[in-house]
Amino acid sequence: MAGSPELDAIDRRILAELQADGRIRMNELADRVGISHPNCLRRVRTLRSSGVIKSIRASVDERSLGYEVVVFVSIQLDSQHQTALESFEAAIVTLPWVQQCWRLSGDADFLLKCVSTGVEGMSRQLRQFAALPGVRAIRSFPVLGLSKDAPLPIPGGPPQTG
C-alpha cells in the first residue's frame, strides 16, 4: 500500500472487526482487539485519515427500495484515449442508478453495476448508455442472485469466516 501506513496486527484486527460490524461501539472494539479505548480511537482515526478505511456505511438491500433489477453492463468505447475515458466517466458520475463504475483492461473499457425498478427501466438505461458519445459496444448481464458478498481478507489478520 504505497502512501498508506504500515499495518500491525492490532490494525488488522480493527479492520476485520469493522468489516464485520461497522456500527460497533468504540469501547467494544477496543475490548475485542485488546487495547485501551483512547488508543483504539486514535488508530481508527489514523486508518480513516490515511485512506485505509474508505468509508463506513449501511449496505441497503436494493429490492427494499424498489430496485427489482441489478445489472452489470460492460462498455467498450471507440477510443481508449485519456480524453475519451475521462469524458465517459464524467457522464457516468451524473447517473444515480449507476452504483459502481470500474475502468478495465481487455475487451471492455468499463464495467458498471446498475440498479433499476424493472426491465423497462433497464432498457431505458441501456439506450442512455448507447447515446453517450464514443460508445462502441454495450453488453448487459442481469443479475439472477448473489452467491457471495464477503469482506476483504486482511493479510496477516484473523482468518475470515463464512
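We now turn to the structure provided with this report. All residue numbers refer to positions counted from 1 along the written sequence of the respective chain. At least 70 in pLDDT is required for a residue's local features to be given in this predicted model, at least 80 for side-chain atom pairs to be given and counted, and no such filter applies to totals for whole chains, interfaces and linings, which use all residues. Neither water nor hydrogens contribute to the side-chain values; these are computed over all heavy atoms in the structure.

**Structural notes on the packing of aromatic side chains**
Pairing of aromatic side chains here covers Phe, Tyr and the six-membered ring of Trp, requires ring centres within 6.5 Å, and sorts the geometry by plane angle: under 30 degrees stacked, over 60 edge-to-face, intermediate tilted. What the rule picks out here adds up to two aromatic pairs. Summarising the aromatic geometry, the rings of Phe-88 and Phe-110 are spaced 4.6 Å apart at their centres and angled 35° between planes, so their arrangement reads as tilted. Note that Phe-88 is positioned in helix H4 (residues 82-93) and Phe-110 in strand S3 (residues 110-116), a separation of 22 residues in sequence. Each member of the pair Phe-88 and Phe-110 is classed as buried. Secondary structure follows DSSP: runs of H or I at least 4 residues long count as helices, runs of E at least 2 residues long count as strands, and numbering of each begins at the N terminus. Note on classification: 1.4 Å probe, protein chains only; a residue is buried when its accessible area is under 20% of the maximum for its type, exposed when over 50%, partly exposed between these limits.

**Examining the pattern of salt bridges**
Salt bridges are defined by distance alone: a side-chain nitrogen of Lys or Arg within 4 Å of a carboxyl oxygen of Asp or Glu. Overall, the coordinates contain nine salt bridges when judged by the stated rule. Here Arg-63 ties to Glu-68 by a salt bridge, and the two come within 4.0 Å at their closest N and O atoms. By sharing partners, the salt bridges in this structure join Asp-8, Asp-11 and Arg-43 into a single network.

**A look at the pairing of strand S2 (residues 98-103)**
At least two bridges found by DSSP between two strands is the condition for calling them paired. For S2 and S3, the ladder comprises five bridges, and the chain directions are antiparallel. Looking at the pairing, Cys-101 lines up with Leu-112 of S3. What sits between S2 and S3 in their antiparallel hairpin is a turn of six residues, with Gly-106 showing a positive phi close to 125°.

**Some words on the pairing of S3**
Among the seven residues that make up S3, five are buried, leaving the element largely enclosed by the rest of the structure. As defined by bridge partners, strand S1 (residues 69-77) adjoins S3 across seven bridges and the pair is classed as antiparallel. Bridged to Val-69 within S3 is Ser-116.

**With respect to the side chain of Arg-43**
Looking at where Arg-43 falls in the secondary structure, it is placed in helix H3 (residues 37-49). Looking at Arg-43, the relative accessible area reads 14%, which means it is buried. A polar contact of 3.0 Å, which involves the side chain of Arg-43, links it to the side chain of Asp-8. Leave out the neighbours within four places in its chain, and Arg-43 touches Asp-8, Ile-10, Asp-11, Ile-14 and Ile-35. Pairs of N or O atoms are called polar contacts if they sit within 3.5 Å, as long as, within protein, a hydrogen donor faces a hydrogen acceptor (for residues adjacent in sequence, only side-chain-to-side-chain pairs). We call two residues in contact when some of their heavy atoms are within 4.5 Å.

**Quick word on the sheet that holds S1**
One key point about sheets: their strands pair by backbone hydrogen bonds, in either a parallel or an antiparallel sense. The four strands lie next to each other as S2-S3-S1-S4, forming an open sheet whose pairing is antiparallel. In this open sheet, the two edge strands, each paired with only one partner strand, are S2 and strand S4 (135-142). Pairs of neighbouring strands in the sheet enclose a mean axial angle of 20°, with direction left out of account. Note that S1 and S4 share seven bridges and pair antiparallel. Of the residues in S4, the one forming a bridge with Ser-74 is Arg-139. Angles run from 0 to 180 degrees between N-to-C directions of axes, and those axes are lines fitted to C-alpha atoms, restricted for helices to the stretch in contact. Running over the sheet, H4 touches S1, S2, S3 and S4 and is turned about 170° from S2.

**Overview of the nonpolar core**
The definition of a nonpolar core used throughout is a set of buried Ala, Val, Leu, Ile, Met, Phe, Trp, Tyr and Cys residues joined through side-chain atoms within 4.5 Å. Of all hydrophobic cores here, the largest spans 21 residues; its most connected members are Ile-75, Phe-88, Leu-112 and Phe-129. Elements supplying a minimum of two residues to this core: S1, H4, S3 and helix H5 (119-131). If you tally residues by element for this core, the top one is S1, at six residues. Of all hydrophobic cores here, the second largest spans 15 residues; its members include Leu-7, Ile-14, Ala-16 and Leu-47.

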